[in-house]
Amino acid sequence: RSVAQDLALQEGVPFAASDALLDPTGNNRRPEHHEIRKKLDELERIARARGFAIGTGSAFDETIEAVSEWAGEVTARGIELVPISAVAADPQPR
């Protein structure tokens, strides 16, 4: 279990946890386009249920291509892409 959230709160810095890793790379292989799209679909479901979702990924060509393609389609489905700072829990009042 990660202690990142507890440390962030203790230090007074913003924190956000990922709901899905878009491009897991087990068995020394790069992720495939359809696997990344499946994870993006999962993030959409989470966002609709909770109001937001956070995904993380690597700078693999496959990931960049799949996310770019998805980003061009997602607004038509009612999903807004925002920077992580828009959903990170910030313990410092502004």
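Residues numbered from 1 in each chain as written. Predicted model: local features only at pLDDT ≥ 70, side-chain atom pairs only at ≥ 80, totals over all residues. Heavy atoms only, no water.

Engineer: Explanation requested: the overall build of the protein in the structure shown.
Structural biologist: Along the protein, the regular secondary structure elements total 3 helices and 2 strands. Traced from its N-terminal end to its C-terminal end, the protein shows the element sequence α-β-α-β-α. Taken over the C-alpha atoms alone, the protein extends approximately 40 × 35 × 20 Å along its principal axes. A total of 94 residues make up the protein; the buried ones form 19% of that total. (Helix = DSSP H or I, 4+ residues; strand = E, 2+ residues; numbered from the N terminus. Buried < 20%, exposed > 50% of the residue type's maximum accessible area, 1.4 Å probe, protein only.)

Engineer: Explain the packing of helix 2 (residues 33–50) against helix 3 (residues 61–74) to me, please; I cannot follow it from the model alone.
Structural biologist: Packed helix pairs are characterised by how far apart their axes lie and by the angle those axes make with each other. Across the interface, helix 2 lies against helix 3 with an axial gap of 9 Å and an inter-helix angle of 40°. With respect to helix 3, the axis of helix 2 lies oblique. The hand of the helix 2/helix 3 crossing is right-handed. Seen from helix 2, the contacting residues are His33, Ile36, Arg37, Leu40 and Glu44; seen from helix 3, they are Glu62, Thr63, Glu65, Ala66, Val67, Glu69, Trp70, Glu73 and Val74. Taken together, the residues of the contact of helix 2 with helix 3 sort by class into 6 nonpolar, 2 polar and 6 charged. (Axes fitted to C-alpha atoms, helices over the stretch in contact; angles between N-to-C directions. Parallel < 35°, antiparallel > 145°, perpendicular 65-115°, else oblique. Left-handed = near helix turned anticlockwise from the far one by under 90°. Contact = heavy atoms within 4.5 Å. Nonpolar A, V, L, I, M, F, W, Y, C, P; charged D, E, K, R; others polar.)

Engineer: Just to check I follow, could you spell out the packing of aromatic side chains for this structure?
Structural biologist: On inspection of all chains with the given rule, the structure shows 0 aromatic pairs. A cation over a ring is seen here: Arg50 above Phe52, with NZ or CZ 4.2 Å from the ring centre. (Phe/Tyr/Trp six-rings, centres within 6.5 Å; stacked < 30°, edge-to-face > 60°. Lys NZ or Arg CZ within 6 Å of the ring centre and 35° of its normal.)

Engineer: I would appreciate a short explanation of the pattern of salt bridges in the present structure.
Structural biologist: When charged atoms on two side chains of opposite charge get close, those side chains can pair. Taken as a whole and assessed by the stated rule, the structure comprises 9 salt bridges. The closest approach of N and O atoms between Arg30 and Glu62, which form a salt bridge, is 3.1 Å. Linking Arg30 in the loop between strand 1 (20–21) and helix 2 with Glu62 in helix 3, this pair joins segments that are 32 residues apart in sequence. For Glu62, a relative accessible area of 25% translates into the label partly exposed. The partner of Arg77 in a salt bridge is Glu44, with the nearest N and O atoms 2.6 Å apart. Here Arg77 is found in the segment after helix 3, whereas its partner Glu44 is found in helix 2, with 33 residues between them in sequence. When its relative accessible area of 34% is taken as the criterion, Arg77 is described as partly exposed. Salt bridges sharing common partners tie together Arg37, Glu44, Arg48, Glu69, Glu73 and Arg77. (Salt bridge = Lys/Arg side-chain N within 4 Å of Asp/Glu carboxyl O.)

Engineer: In this structure, what is going on with the nonpolar core? I would like to understand it.
Structural biologist: Nonpolar side chains in soluble globular proteins tend to be buried together. Counting 10 residues, the largest nonpolar core consists of Ala20, Leu22, Ile36, Leu40, Leu43, Ala47, Ala66, Trp70, Val74 and Ile79. Elements represented by at least two residues in this core include exactly helix 2 and helix 3. For this core, the element with the most residues is helix 2, which contributes 4 residues. Discounting residues that sit within four places of it in the chain, Trp70 has contacts with Arg37, Leu40, Glu44, Arg77 and Leu81. (Core = buried A, V, L, I, M, F, W, Y, C linked by side-chain atoms within 4.5 Å.)

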